[in-house]
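# Residue-level structural notes
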Amino acid sequence: MTGMTGMFMGAALACVGVAVWLLVERDSAARRARLLLAGGGAVGGDPPGWRAKADALTRVRGRWRTEWWAPAAGVVVAVLGASVLPVLLGAAGVPLLRRVRSAGQVRRARERRADEVIALCSALAGEVRAGRQPGEALLRGARECGGLAEAQATVLAAARFGGDVPEALATAAGQPGAEGLRGLAACWRVAVDQGAGLAAGLDRLAAALRAERDQRSELSAQLAGARATAVMLAGLPALGLLIGTALGADPLHVLLHTPAGLGCLVVGGALEGLGLWWVSRIVRGAEAVA
């Protein structure tokens, strides 16, 4: 019993460590937001050495990917429940969590490209108003705002050597998040072929892209509650196991070493996976409609 209590305390300490990790990351995000709102100025009140500690945590987190928490948790539960089944389940969760992390990276890259396109349109409009030719304005605007990161070679080569800039922009617009470059290509064609004002068209395009980005951000904020509720409900079974273990009921033994417990584990896992999939489907449907 003493050994079991020690293992339980060790698991509790691991959970506390994870909670502290998440709090530190949230505090780091809040500080970055305050820096942005302050215009890049220094934020007072940071304790000495805070930046070095935050950088060290970021490096450790970069090495320890999110998906590897699944087998680590499986090992802890396997030790507590004296069964190899949690280890297998934790290993099976690695590809699923890796897919979730990859989807998050793709989504962030798409949002970054959309912001770069908006910045490029605004910078290009300013350069054209300053009296520069469209090709030179595109070169300077892309260099200043950092836009067209992936397609910079093709588009800027076309602008520098008199190539087909609208075609290069339309090709670059095939990347997720860079769809606004099609509007830029259309503005370029109209300005070159019909002599229309390029700066005015770029201003309208940038305003439309900002409105679309703000709409997506508002929708994401509204759907964040549904996602958080789904995650919280998904974690309730684990909380129930912890409470049962604290009360001395030994729910892990029932789940992992009895036929009824194994049946409940299979059915409960299937229902929980179905629920998460259904919530994700509803969220994706709302995003697609918007």
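Cut-offs and rules
- Residues numbered from 1 in each chain as written.
- Predicted model: local features only at pLDDT ≥ 70, side-chain atom pairs only at ≥ 80, totals over all residues.
- Heavy atoms only, no water.
- Helix = DSSP H or I, 4+ residues; strand = E, 2+ residues; numbered from the N terminus.
- Buried < 20%, exposed > 50% of the residue type's maximum accessible area, 1.4 Å probe, protein only.
- Core = buried A, V, L, I, M, F, W, Y, C linked by side-chain atoms within 4.5 Å.
- Contact = heavy atoms within 4.5 Å.
- Arc of directions from axis to C-beta.
- Polar contact = N/O pair within 3.5 Å; in protein donor to acceptor, adjacent residues only side chain to side chain.
- Salt bridge = Lys/Arg side-chain N within 4 Å of Asp/Glu carboxyl O.
- Disulfide = S-S within 2.5 Å.
- pLDDT = per-residue confidence, 0-100.
- Phe/Tyr/Trp six-rings, centres within 6.5 Å; stacked < 30°, edge-to-face > 60°.

### A look at the overall build of the chain
In terms of regular secondary structure, the chain is built from 11 helices and 0 strands. Along the chain, from the amino end to the carboxyl end, the secondary structure elements read α-α-α-α-α-α-α-α-α-α-α. Expressed as a percentage of its 290 residues, the buried residues of the chain come to 27%.

### Notes on the nonpolar core
With 33 residues, the main nonpolar core has Leu-124, Leu-138, Val-165, Leu-169, Leu-181, Leu-184 and Leu-202 as its most contacted residues. Elements with a minimum of two residues in this core: helix H4 (85–129), helix H5 (134–145), helix H6 (152–160), helix H7 (165–172), helix H8 (180–194) and helix H9 (198–246). Element by element, the count of residues in this core is highest for H4, at 7 residues. Each residue touching Val-165, except ones within four places of it in the same chain, is listed here: Leu-138, Ala-158, Ala-159 and Trp-188.

### Observations regarding H7
Burial in H7 covers these residues: Val-165, Pro-166, Ala-168, Leu-169 and Ala-172. Viewed along the axis of H7, the buried residues span an arc of 160 degrees, placing them on a single side of the element. Between a side-chain oxygen at the N-terminus of H7 and the backbone nitrogen of Glu-167 the separation is 3.3 Å; the capping residue is Asp-164.

### Digging into the pattern of salt bridges
Going through the model one piece at a time under the given rule, you end up with 7 salt bridges. Among the ionic pairs, Arg-213 bridges to Asp-214, the shortest N-O distance being 3.9 Å.

### Thoughts on the state of the cysteines
Counted under the stated rule, the structure contains 0 disulfides. In this structure Cys-187 is a free cysteine whose sulfur lies 7.4 Å from that of Cys-121, the closest cysteine sulfur available.

### Points about the confidence of the model for the chain
Here the chain shows a mean pLDDT of 75. Residues at 70 or above account for 73%. pLDDT under 50 marks residues 1–10. Its contacts with residues more than four places away, or in other chains, come to 7 contacts. pLDDT under 50 marks residues 16–48. Its contacts with residues more than four places away, or in other chains, come to 18 contacts.

### Observations regarding the packing of aromatic side chains
Across all of its chains, the model carries 1 aromatic pair by this definition. Look at Trp-277 and Trp-278: their rings are 6.0 Å apart centre to centre, the planes differ by 50 degrees, and that puts the pair in the tilted class. By relative accessible area, Trp-277 is classed as partly exposed at 44%. Assessed through its relative accessible area of 44%, Trp-278 is described here as partly exposed.

### Notes on the environment of Asp-203
Tracing the chain through its elements places Asp-203 in helix H9. Along the backbone, Asp-203 and Ile-118 are 85 residues apart, and their C-alpha atoms lie at a distance of 9.7 Å. Residues in contact with Asp-203, not counting those within four places in the same chain, are Ala-125 and Arg-129.

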